[in-house]
Each structure stands twice: as C-alpha cells, then as structure tokens.
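Descriptive analysis of the structure
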Amino acid sequence: MEENIRTVTPEKAEAREASRVERTKDRKTFVPAVDITEDDSNLYIFADMPGADEKGVNVSLENDVLTIDAQVEDQKFEGHGVSYAEYGVGDYHRVFTLNEAVDRDRIEARLKNGVLSIVLPKAEEAKTRSIPIKVG
Amino acid sequence: MIMQTGKNWRWDPWREMERFRREVDSLVTGTRRLPAANFPPMNVFSGDEDVIITSEIPGIDPADIELTVTGDTLTIKGTRKPQEVREGEKWHRRERGSGSFYRSVQLPYNVDGNKVQADYAKGVLTIVLPRSEAERPRKISVTKGN
C-alpha cells in the first residue's frame, strides 16, 4: 500500500524480536521513524525520538554500520494512574548500513525537541567529481 | 494500541465505531484521511485533583500548537512542518509524517480552564488539567437529628 507522504505517522513501530538480537532488559524498544536525505557533500538523517534527551542518546559508527540508541525515562506521575494509553514509552534502536564512505571525524549529531539530526559528511574520495573527458 | 484501564474514563461506542470506520476506509481506498485522526498519540493519567495528558509531537515549534479547553473537552490543533530540503538535496527515505492535526478529547471531568498548564520538552507535550473547583467531590457531614 502506498503511503501518503503528508499523513502523520500514527504509531511508533515496536522493534521486532525477529531482528535476532535478544534484549536483556524487559522494556519496549521502538524503531524511530526517519527521514534520510543527501546532497553533494553530506548525508542527513533525522529521527523522531520523543522523550529522549541528549544524555540518553548514543550514535555510533563501526565500519559502515551506523547505530542509533536512546534510553528514555518512564512516564510516572505521583498519585496518578494511567486511564488511557495510546503510545508506549521505551527505548529507541535503529541500525543503518551506509553504502558510502563517511568522514567519521566530522560527524555531527544533535537533539532538539525529540528529533535527532545527524550530519554525515562524505569522505573526500566518495564525493562526486566530474571528470573532464578529453577528445582523443 | 488502545488500552482502557481507567474506571472513570467513559467508553464511547460511537467513537470506537468512528475509529473502526476510518480504519476500514483507509484499507479500501489505500489512503489515510487528513488530518490524521490519531495524531498526536496521547496518554492520560488521572488523579483526584487533576488529569495529566502527555502527547508525543516531536520536532514542532511549541508556538505551532494550539490548545483549547471548554468544559470537559480538550482540543489540540497544530501543524507539523515537513523536513525542509534544500536545492540539490534528494530524498532517500521519508517516514516522518507532516501536516496539520486536530484532536478533541473528552476528559473525565470539567476542567478549570484558567489553571491549565502545558509544557513542551524533548518532543513531548505535557498538559496538566486541574479539576474545576465546583466539581470536586465534597465531604458532607451528616448531622444527627433529634
């Protein structure tokens, strides 16, 4: 089914156990929704992680595997019981394989209003270069 | 994922039917209605003196959220702007939704509109809705008759 781009994503997708990685913590883990764009010099990743703060977020790049993790605090209000719940609160986890060389020293990540933005500058050799063709 | 756990939350069969109808519509037409009816998702916590509602709306300017309270109804309105793309930038993936949203929720009791507090942090909106003074349960002492 084709997804309407303008539609707001209704629910957080929970990470499936089928990812073959078993978790040691008894907690829900969600897969953050992402936007990924690219221009000549960078790759950009934007991930929705409501509830996460900069202390709990971890972005790591190992070889060509980029991992995003975030620990989120539980929602608790003293003297209040849950009467209606439409979303679950839990950690975030998502893994990407980058198919382009990235300059790992210049990777930038920031978190604002629950959105993680990562800028991955392309390594020099991976940038598109136009090669002049000589007339032979 | 909807859980009905509260004893003072009124279950409304019509609302459930409407939700069901919308789901069927979206299956048949392959499209979803705009604005999305179940965005932003909400969690409701009830206490004796107030109701706390939390809602996940990541990446929005708090000024773009409009909240109104009338009696026992809370309305939330806003627009989530799409990710901006500059000239020469191309998309690889687009999963984050955007567009306008509108939701009305019925609260378990009337609310004192002047005392409602809303706070937006880490992409989560938290609204504290104190129960209206006139509606708080009052203890009535029974006097002994002759």
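If you're wondering where the values come from, they're calculated on a predicted model, not measured in any experiment. (Residues numbered from 1 in each chain as written. Chains lettered and ligands numbered in written order. Predicted model: local features only at pLDDT ≥ 70, side-chain atom pairs only at ≥ 80, totals over all residues. Heavy atoms only, no water.)

Two descriptors summarise a pair of aromatic rings, namely the distance from one centre to the other and the angle between the planes of the rings. As enumerated under the stated definition, the model contains three aromatic pairs over all chains in all. Ring centres of Phe30 of chain A and Tyr92 of chain A lie 6.4 Å apart, and the angle between their planes is 50°; on these two criteria the pair is classed as tilted. Taken as a pair, Phe30 of chain A in strand β2 (residues 29–31) and Tyr92 of chain A in strand β8 (residues 91–97) lie far apart in primary sequence, 62 residues in all. Each of the two residues, Phe30 of chain A as well as Tyr92 of chain A, counts as buried. Look at Phe77 of chain A and Phe45 of chain B: their rings are 4.8 Å apart centre to centre, the planes differ by 65°, and that puts the pair in the edge-to-face class. In this pair, Phe77 of chain A is assigned in the loop between β6 (65–72) and β7 (81–85) and Phe45 of chain B in strand β2 (residues 42–46), connecting two distinct chains. (Phe/Tyr/Trp six-rings, centres within 6.5 Å; stacked < 30°, edge-to-face > 60°. Helix = DSSP H or I, 4+ residues; strand = E, 2+ residues; numbered from the N terminus. Buried < 20%, exposed > 50% of the residue type's maximum accessible area, 1.4 Å probe, protein only.)

Another aspect to go through is the pairing of strand β8 (residues 117–121) of chain B. Residues and elements named next belong to chain B. Judged from the five bridges that link them, β8 and strand β9 (residues 124–130) form a sheet pairing that is antiparallel. The partner of Gln117 across the bridge, within β9, is Val128. Here β8 folds back onto β9, and the loop between the two strands holds two residues, one of which, Lys122, carries a positive phi near 55°. (Pairing = 2+ DSSP bridges.)

Moving on: the environment of Ser83 of chain A. Its place among the elements puts Ser83 of chain A in strand β7. Ser83 of chain A sits in the buried class, given a relative accessible area of 2%. For the pair formed by Ser83 of chain A and Ile131 of chain A, sequence separation is 48 residues and the distance between their alpha carbons is 64 Å. For Ser83 of chain A, the side chain forms a polar contact with the side chain of Ser46 of chain B, separated by 2.6 Å. (Polar contact = N/O pair within 3.5 Å; in protein donor to acceptor, adjacent residues only side chain to side chain.)

A word on unusual backbone geometry. The phi dihedral of Asn63 of chain A falls on the positive side, at around 55°, and the residue is not glycine. Among the structural elements, Asn63 of chain A can be located in the loop between β5 (52–62) and β6. Look at Lys122 of chain B: it is not a glycine, yet its phi comes out positive at around 55°. Counting through the fold element by element, Lys122 of chain B comes out in the loop between β8 and β9. Lys122 of chain B sits in the partly exposed class, given a relative accessible area of 33%.

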